[in-house]
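# Architecture and fold: a report
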Amino acid sequence: MGTDLHELLRSLRVWDAEVTTLPPFDPDTAPDDPLPLFTTWFTEAVAAGQTEPHTMSLATADEEGLPDVRIVMMHGADADGWSFATHRTSRKGGHLAARPYAALAFYWPVLGRQVRVRGPVTAAPSEEGRADLHARSTGALAAALTGRQSDVLTSLEELTRTSQEAWERAQREPDASVSTWTLYRLRPEEVEFFQGDARRRHVRLVYRRGEGGWRRELLWP
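Quick caveat, the model's predicted, so the values are computed rather than measured.

Quick notes on the rules
- Per chain, the residues get numbers from 1 upward, laid out in the order the sequence is written.
- Reporting of local features is limited, given that this is a predicted model, to residues whose pLDDT is at least 70; pairs of side-chain atoms are given and counted only at 80 or more, and all residues count toward the totals for whole chains, interfaces and linings.
- Water and hydrogen atoms play no part in the side-chain values, which are based on all heavy atoms of the structure.
- The axes used here are C-alpha line fits, helices contributing only the stretch in contact, and every angle between their N-to-C directions lies in the interval 0 to 180 degrees.
- Helix numbers and strand numbers start at the N terminus; a helix is a DSSP run of H or I with at least 4 residues, a strand a run of E with at least 2.
- Roughly parallel refers to an angle under 35 degrees, roughly antiparallel to one over 145, roughly perpendicular to one between 65 and 115, and oblique to any angle outside these ranges.
- In this scheme, a crossing is called left-handed if the near helix is turned counterclockwise away from the far one by less than a right angle; it is called right-handed if the turn is clockwise.
- Residue contacts are defined here by distance: any two heavy atoms, one from each residue, within 4.5 Å place the two residues in contact.
- In this scheme Phe, Tyr and Trp rings, the latter by its six-membered ring, pair at centre separations within 6.5 Å, and the angle between planes marks the pair as stacked below 30 degrees, edge-to-face above 60, and tilted otherwise.
- Under the scheme applied here, a residue whose accessible area is under 20% of the maximum for its type counts as buried, over 50% as exposed, and between as partly exposed, the area being computed with a 1.4 Å probe on protein chains only.
- Cation placement over rings: the criterion is NZ of Lys or CZ of Arg within 6 Å of the ring centroid and within 35° of the ring normal.
- Should a side-chain nitrogen of Lys or Arg be within 4 Å of a carboxyl oxygen of Asp or Glu, the pair is scored as a salt bridge.
- This arc describes the spread of directions from the helix axis toward the C-beta atoms.

## Brief notes about the packing of helix H5 (residues 138-146) against helix H6 (residues 156-172)
Between H5 and H6, the shortest axis-to-axis distance is 8 Å and the interhelical angle comes to 125°. As summarised for this structure, H5 and H6 are arranged oblique, according to the angle between their axes. Considering the relative orientation of H5 and H6, their crossing is right-handed. Side by side, H5 and H6 meet where Thr138, Gly139, Leu141, Ala142, Leu145 and Thr146 of the first sit next to Thr162, Ser163, Ala166, Trp167, Arg169, Ala170 and Gln171 of the second.

## Topic: the packing of aromatic side chains
The relative placement of two aromatic rings is captured by the distance of their centres and the angle of their planes. Inspection of every chain in the model, using the stated rule, returns eleven aromatic pairs. Seen in terms of ring centroids, Phe193 and Tyr207 are 5.8 Å apart; in terms of plane orientation they differ by 70°. Their pairing is edge-to-face. Of this pair, Phe193 sits in strand S8 (residues 190-195) while Tyr207 sits in strand S9 (residues 203-210), and the two are 14 residues apart along the sequence. For the pair shown, Phe193 and Tyr207 are each scored as buried. Clustering of aromatic rings is evident, with ring pairs tying together Phe25, Trp41, Phe193, Tyr207 and Trp214. Above the plane of the ring of Trp41 lies Arg113, whose end atom (NZ or CZ) is 4.1 Å from the centre.

## Considerations on the pattern of salt bridges
Summed over all chains, the structure comprises twelve salt bridges. With a closest N to O distance of 3.5 Å, Glu173 and Arg169 form a salt bridge. Since its relative accessible area comes to 33%, Glu173 is described here as partly exposed. Put simply, Arg215 and Glu217 hold a salt bridge, and the shortest N to O gap is 3.5 Å. Using a relative accessible area of 43% as the deciding quantity, one classes Arg215 as partly exposed. A relative accessible area of 30% means that Glu217 is categorised as partly exposed.

## Concerning the environment of Pro120
Mapped onto the elements of the fold, Pro120 is located in strand S6 (residues 113-123). Put simply, Pro120 and Arg88 are 32 residues apart on the chain and 16 Å apart in space, counted from C-alpha to C-alpha. Each residue touching Pro120, except ones within four places of it in the same chain, is listed here: Pro100, Tyr101, Arg185, Leu186, Arg187 and Glu189.

## Looking at helix H4 (residues 126-134)
The set of residues buried in H4 consists of Gly129, Asp132 and Leu133. Angularly, the buried residues of H4 cover 95° about the axis, an arc narrow enough to put them on a single face. For H4, the secondary structure elements touched by its buried residues are strand S4 (81-87), H5 and strand S7 (181-186).

Okay, here's the thing in structure tokens:
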């Protein structure tokens, strides 16, 4: 007899004290700009042993406004915004062409922290996209060379054959160009920092960009 999903859900706990530390967060000590705080929290997540802290949820919407979400890798965060990359011909690439606005979410359960980012998205110059791709691994280049992300796949045999061909080419041509590969940057208009609390008195600090710079506010949990 299979496991009952509801019973399984009721047996689970969030932020088990054996694996999670919930550090205090005083929003009065937060910097005026969200980027330094993000950098600090990211560094602390790495130091705490968070698995794949550089992965994030990326939410987009299609031409009809219907949402979609997936996990992608952060390629950077600086004064120009939070960056990620994909083929412009992929589903998310099509969404961003139609509606160049997105949201990101990071979750670092080892510290009970979330960071949420929203804002318009632009494509970086093509030379920056090429440099980003060629700074990555051979496997990343091989995956990009297949160039068919989100297309219908006829069989796993086709995937194996095409991937092997792409891998061999990536090894032969480490500087191979992929015309559809695009580096995107999300320029934040809103950044929220969430620090979990064992008694559910979570601290939520949100930065909102205005004409005169960033405005900070607290939100009810």
